[in-house]
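In case you want the letters, here they are:
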Amino acid sequence: MEIINILVVEDDEAINQLICTTLKKAGYRVDAAMDGEEALLKYKEKNYHMILLDLMIPKIDGIEVMRRIRVESIVPIIILSARDEEIDKILGLRMGADDYMIKPFSTAELLARVGSTIRRSFYFKESSIAKEEKIIYGDISLDVNNYEVRKKGEKLALTRKEFEILKLFFKNPNRVFTKQQIFQHVWRDDYIGDENTVMVHIRRLRSKIEENSSNPKIIVTVWGIGYKLGEIKND
C-alpha cells in the first residue's frame, strides 16, 4: 500500500503537534510547517498526498498559500479554521479546498475527514486514468488525445487555448477558477493582470459550445470570483 504523505500547516504549536501525532499513529507520514512561507517551501520539496491548512498563519496567510498551490496542483486540501461563518466556508471551498474543519475538532473526526478525502482523491485518479481518452459532459464530448470536441456528434472548431480551457473545466467540474488561475493553467506563464485575454477566450469558447452564449449554461460566471462548470446532467 502506498505511504500517504501529509503536510500539516498550523502555527499553534500544541495543535500542530497533536495533529501530527494523531496522523503518525494512524500510519501516515507527516511533515509540519508553522507558517505560510515554510509551507510553500516544503510543498515544493516533496510530493504530498494531502495538506491540512490553517488560514490564520503568519508570513503568508492560508488563502494565499492555497491560491499558489492551486495554480499548479489539485492535491487535496483540508482547511483548519476557528472561524465558522458560512461565508468563510464558501470562500475556502470556492478557492479550491476539498473540506473545511472548524476548531476545536476531535481526533476521531480529523482521521475520518482525512481518510474520506484521501479515498475520494485516489478514486478520482483511477477514474481519470480510465477515462482519460474521452470526457463527456452533457451533450459535449472532449477527446483528450486527439484534441477534438464534439457537440451532439458535430465536431467543433476550437483553438488550442479554447480546448485547454474547456479541458480545465471538464477535469475540475466542482471548482471555481479565477481569471488568474485560468491564465496560469492554460498559458502556463506568470499572470500580468490582463483579464481581457481570459475574458475574450471564454467569450469565444461560449459562442461555440453554448446554445445561447448570452445565457451560458456550460461555463458559468461566478460573480466577483471567476468561472465554473455549470451543473449539466449527462444524457
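One numbering rule holds for all chains: residues counted from 1, following each sequence as written. This being a predicted model, a pLDDT of at least 70 is required before a residue's local features are given, and a value of 80 or more before pairs of side-chain atoms are given or counted; all residues contribute to the totals for chains, interfaces and linings. The basis for every side-chain value is the complete set of non-hydrogen atoms in the structure, without hydrogens or water.

Under an unreviewed UniProt entry, the name given to the protein chain is Stage 0 sporulation protein A homolog, and the organism recorded is Crassaminicella thermophila. Under the heading Function (unreviewed entry), UniProt records this for the protein chain: "May play the central regulatory role in sporulation. It may be an element of the effector pathway responsible for the activation of sporulation genes in response to nutritional stress. Spo0A may act in concert with spo0H (a sigma factor) to control the expression of some genes that are critical to the sporulation process." UniProt positions are given in the numbering used here, feature names are shortened, and annotations may be inferred rather than shown by experiment.

Caption draft 1: Up close: the UniProt feature "modified residue: 4-aspartylphosphate" (unreviewed entry) in the protein chain. The UniProt record marks Asp 54 with the feature "modified residue: 4-aspartylphosphate" (unreviewed entry), using the residue numbering of this structure. Structurally, Asp 54 can be placed in strand β3 (residues 50–54). Type-normalised accessible area, obtained with a 1.4 Å probe on protein chains alone, sets the label of each residue: buried when under 20%, exposed when over 50%, and partly exposed for intermediate values. For Asp 54, a relative accessible area of 4% gives the class buried. Residues count as neighbours in contact if any of their non-hydrogen atoms are within 4.5 Å of one another. Discounting residues that sit within four places of it in the chain, Asp 54 has contacts with Val 9, Glu 10, Asp 11, Gly 62, Leu 80, Ser 81 and Lys 103. From its side chain, Asp 54 meets the backbone nitrogen of Met 56 in a polar contact 3.5 Å long. Under the DSSP-based scheme used, a helix requires at least four consecutive residues in state H or I and a strand at least two consecutive residues in state E, with every element numbered from the N terminus. Nitrogen and oxygen atoms within 3.5 Å of one another constitute a polar contact, given that in protein one can donate a hydrogen and the other can accept it, and given that sequence-neighbouring residues count only through two side-chain atoms.

Caption draft 2: Molecular detail of the pattern of salt bridges. Salt bridge, as used here, is a side-chain nitrogen of Lys or Arg placed within 4 Å of a carboxyl oxygen of Asp or Glu. Scanning the entire structure with this criterion turns up 18 salt bridges. With a closest N to O distance of 3.8 Å, Lys 59 and Asp 35 form a salt bridge. Separated by 24 residues along the polypeptide, Lys 59 in the loop between β3 and α3 (62–70) and Asp 35 in the loop between β2 (29–33) and α2 (36–45) bring together distant segments of the chain. Exposure remark for Lys 59: the relative accessible area of 63% places this residue in the exposed category. Judged by its relative accessible area of 12%, Asp 35 falls in the buried class. The closest approach of N and O atoms between Glu 109 and Arg 113, which form a salt bridge, is 3.0 Å. Placement of the pair is Glu 109 and Arg 113 together in helix α5 (residues 107–130), with a separation of four residues, close to one helical turn.

Caption draft 3: Layout of the side chain of Asn 16. Secondary-structure assignment places Asn 16 in helix α1 (residues 13–25). For Asn 16, a relative accessible area of 3% gives the class buried. In this structure the side chain of Asn 16 is engaged in a polar contact, spanning 2.8 Å, whose partner is the backbone oxygen of Glu 10. Sequence-distant contacts of Asn 16, that is, excluding residues within four places in its chain, are made with Val 8, Glu 10, Ala 32, Ala 33 and Met 34.

Caption draft 4: Structural view of the packing of aromatic side chains. Two rings from Phe, Tyr or Trp (for Trp, the six-membered ring) form a pair when their centres are within 6.5 Å of each other. A pair whose planes differ by under 30 degrees is stacked, one over 60 is edge-to-face, and the rest are tilted. In this structure the tally under the stated criterion is three aromatic pairs. Measuring from ring centre to ring centre gives 5.5 Å for Tyr 137 and Phe 170, while their planes differ by 40 degrees; the resulting arrangement is tilted. Of this pair, Tyr 137 sits in strand β6 (residues 134–137) while Phe 170 sits in helix α6 (residues 160–171), placing them 33 residues apart in sequence. Residue Tyr 137 shares its accessibility class with Phe 170, and that shared class is buried. Ring geometry for Tyr 147 and Phe 163: centres 4.6 Å apart, planes at 40 degrees, overall tilted. You can see Tyr 147 sitting in the loop between β7 (140–143) and β8 (148–151) and its partner Phe 163 sitting in helix α6, a full 16 residues away along the chain.

Caption draft 5: Structural detail: the sheet that holds β8. When DSSP finds two or more bridges between a pair of strands, those strands are recorded as paired. Overall, antiparallel pairing links the four strands, which are arranged β6-β7-β8-β9 in an open sheet. Here the strands that pair on one side only, and so sit at the sheet edges, are β6 and β9 (154–156). Each adjacent strand pair in this sheet contributes to an overall mean axis angle of 25 degrees, direction not counted. Both β7 and β8 contribute to a ladder of four bridges, which runs antiparallel. Note on geometry: axes are lines fitted to C-alpha atoms, helical ones only across the stretch in contact, with angles between N-to-C directions running from 0 to 180 degrees.

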